[in-house]
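Residues per chain, in single letters:
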Amino acid sequence: MDGNGQGGSERRGEHAGLLTIGAFARASRLSPKALRLYDELGLLAPARVDPFTGYRHYAPAQLERARLVAWLRRLGMPLARIGEVCERAPGPAAELVAAYWAQVEADTAARRDLAAFLVDQLSRKDTAMTEPHTPVTMRSAALTDRGLVRPANQDAAHAGPRLLAVADGYGEGGGRAATAALQELRPLEGRDLTATDLLTALEEAAHRAHRAAPSEDAATGSTLTALLRSGSQLALLHVGDSRAYVLRASGLVRLSHDHSLVQSLIDEGRLTPEEAPSHPQRALLLRSLHGGAEFTPDLELLDARPGERYLLCTDGLSAVVPAEEIRRTLSAAADPEEAVRDLVALAHAAGAPDNIGCVVADIVAVD
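Residues numbered from 1 in each chain as written. Predicted model: local features only at pLDDT ≥ 70, side-chain atom pairs only at ≥ 80, totals over all residues. Heavy atoms only, no water.

J.: Before we go on, may I ask you to explain the packing of helix 2 (residues 21-28) against helix 4 (residues 63-74) in this structure?
T.: Geometrically, a packed helix pair is captured by the angle between its two axes and the distance between the axes. Where helix 2 meets helix 4, the closest approach of the two axes is 9 Å, and the angle between their N-to-C directions is 60°. With respect to each other, helix 2 and helix 4 are oriented oblique. Note on packing geometry: the crossing formed by helix 2 with helix 4 is right-handed. Of the residues in helix 4, those in contact with Phe-24, Ala-27 and Ser-28 of helix 2 are Leu-63, Ala-66, Arg-67 and Ala-70. (Axes fitted to C-alpha atoms, helices over the stretch in contact; angles between N-to-C directions. Helix = DSSP H or I, 4+ residues; strand = E, 2+ residues; numbered from the N terminus. Parallel < 35°, antiparallel > 145°, perpendicular 65-115°, else oblique. Left-handed = near helix turned anticlockwise from the far one by under 90°. Contact = heavy atoms within 4.5 Å.)

J.: Hey, could you run me through the pattern of salt bridges in this one?
T.: A side chain of one charge can pair with a side chain of the opposite charge if their charged atoms are brought near each other. Using the criterion set out here, one finds 13 salt bridges in the structure. Its salt-bridge partner being Arg-65, residue Glu-87 comes within 2.9 Å of it at the nearest N-O pair. Placement of Glu-87 in helix 5 (residues 79-87) and of Arg-65 in helix 4 is noted, with a sequence separation of 22 residues between them. Between Arg-208 and Glu-184 there is a salt bridge; the shortest N-O distance is 3.5 Å. Residue Arg-208 is found in helix 8 (residues 195-212), and its partner Glu-184 is found in helix 7 (residues 174-185); the two are separated by 24 residues along the sequence. Taking relative accessible area as the criterion, Glu-184 reaches 24% and is therefore assigned partly exposed. In the salt-bridge network here, residues are joined through shared partners; they are Arg-243, Arg-254 and Asp-258. (Salt bridge = Lys/Arg side-chain N within 4 Å of Asp/Glu carboxyl O. Buried < 20%, exposed > 50% of the residue type's maximum accessible area, 1.4 Å probe, protein only.)

J.: I would appreciate a short explanation of the packing of aromatic side chains in the present structure.
T.: Note on aromatic pairs: each is described by the distance of the centres and the angle between the planes. For the structure on display, the rule yields 1 aromatic pair. Ring geometry for Phe-24 against Tyr-58: centres 4.3 Å apart, planes inclined by 10°, an arrangement best described as stacked. On the criterion of sequence distance, the pair formed by Phe-24 in helix 2 and Tyr-58 in strand 3 (residues 56-58) is long-range, its members being 34 residues apart. (Phe/Tyr/Trp six-rings, centres within 6.5 Å; stacked < 30°, edge-to-face > 60°.)

J.: Would you explain the nonpolar core in this entry?
T.: Soluble globular proteins tend to pack their nonpolar side chains together in the buried interior. Leu-182, Leu-185, Leu-188, Leu-202, Leu-224, Leu-228 and Leu-289 are the most contacted members of the largest nonpolar core, which has 26 residues in total. Looking at this core element by element, the count peaks at 6 residues for helix 8. Beyond its immediate chain neighbours, meaning those up to four positions away, Leu-182 contacts Ala-156, Ala-157, His-158, Ala-165, Ala-167 and Leu-224. With 23 residues, the next largest nonpolar core counts Ile-21, Leu-30, Leu-35 and Val-85 among its residues. (Core = buried A, V, L, I, M, F, W, Y, C linked by side-chain atoms within 4.5 Å.)

J.: I keep staring at the sheet that holds strand 11 (residues 251-254) and nothing clicks. Help me out?
T.: Sheet strands pair by backbone hydrogen bonding; their relative direction is either parallel or antiparallel. Taken together, the 5 strands give an open sheet; going across it, the order is 4-14-13-10-11, and neighbouring strands pair in antiparallel fashion. Of all the strands in the sheet, just strand 4 (136-145) and strand 11 have a single pairing partner and so form its edges. Between one strand and the next, the sheet's axes are offset by a mean angle of 20°, whatever the strand orientation. Examined bridge by bridge, strand 10 (residues 243-248) and strand 11 share 4 bridges and lie antiparallel to one another. Directly across from Tyr-245, in strand 11, lies its bridge partner Arg-254. Docked against the sheet, helix 11 (residues 323-332) engages strand 10, strand 11, strand 13 (309-313) and strand 14 (356-365), running at close to 125° with respect to strand 11. Contacts from helix 12 (residues 336-349) reach strand 4, strand 13 and strand 14 within the one sheet, and its direction differs from that of strand 14 by about 150°. (Pairing = 2+ DSSP bridges.)

J.: Hey, could you run me through the sheet that holds strand 3 in this one?
T.: Pairing in this open sheet of 3 strands is antiparallel, and the strands run 1-3-2 from one edge to the other. Here the strands that pair on one side only, and so sit at the sheet edges, are strand 1 (19-20) and strand 2 (48-49). Here strand 1 runs beside strand 3; their pairing, made up of 2 bridges, is antiparallel. Across the sheet, Leu-19 pairs through a bridge with Tyr-58, a residue of strand 3.

Function-wise, these values are silent; they only describe arrangement.
Structure below.
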């Protein structure tokens, strides 16, 4: 008994000045469950863990770090980024927080533009029930460029009065895959389709393109992003990480969602948009044209109105040129031909590490 009592006294002495996890949780305004998680992730390790009971104890000096973690979580900062902030000196840590919040504000602005686009789109659908559509056509231009690093150009682009498309090939046979994809879509230019047939015709052509992609090499394939017009209706098909945008008075809105590993990590909150360009697996696609059995493109029907300017591009542009610069360039260009030249020039100014493919189309009222 004396021995047990003496051991207990020694352990109490070792714990002197430390807070139990419950007391520390109340002082830091973090739950015990959160504290255990942060311990597992290495964000906030206890000062001592009792070897007999497993109880966690914290030093009062750890409250400052705990409160910082709590505040950063309230900002919505991912746990991986919080770890970086906590390990930095105050000055560099402040710079990381400022950079994160600048990205949050940029993302908020992008969501604001998307909200404005959706309000406009839904309002158009409402007025379309009572007002006739203005007859429209498309004036478009396409341009691809090898860039400054790649040994060959594996991007393909098409711009016509009814069909717009870009494809970004990858792997040894990537150029053939991209070219084959657009060859399957081009016959749609000559088909007189109704608005109800648009999505079906575009999807069927994309499935043919998928089957036409070289399948002998699992590392070969292509992205595909296309717009097909019938009257004032546009069908959007998308697979991969090439992109579709529309420029309206409300701003530049991205219409497509990347089918990539880094985008899935961003969607899950495990990666921030500013971390994506440097991620080691940033080029890994979750969906593409690769000749395999599975193929699920995104499909959407849009209303086109005079004054809109659409952009389809490969990641040789979107991955190196910020969206705001793309918006300014699209807004300033006098016509689609000038726009595609200026966008390729922007990619070159940013180092052009990849092939560049882009298509720009103006929606114009028919006189």
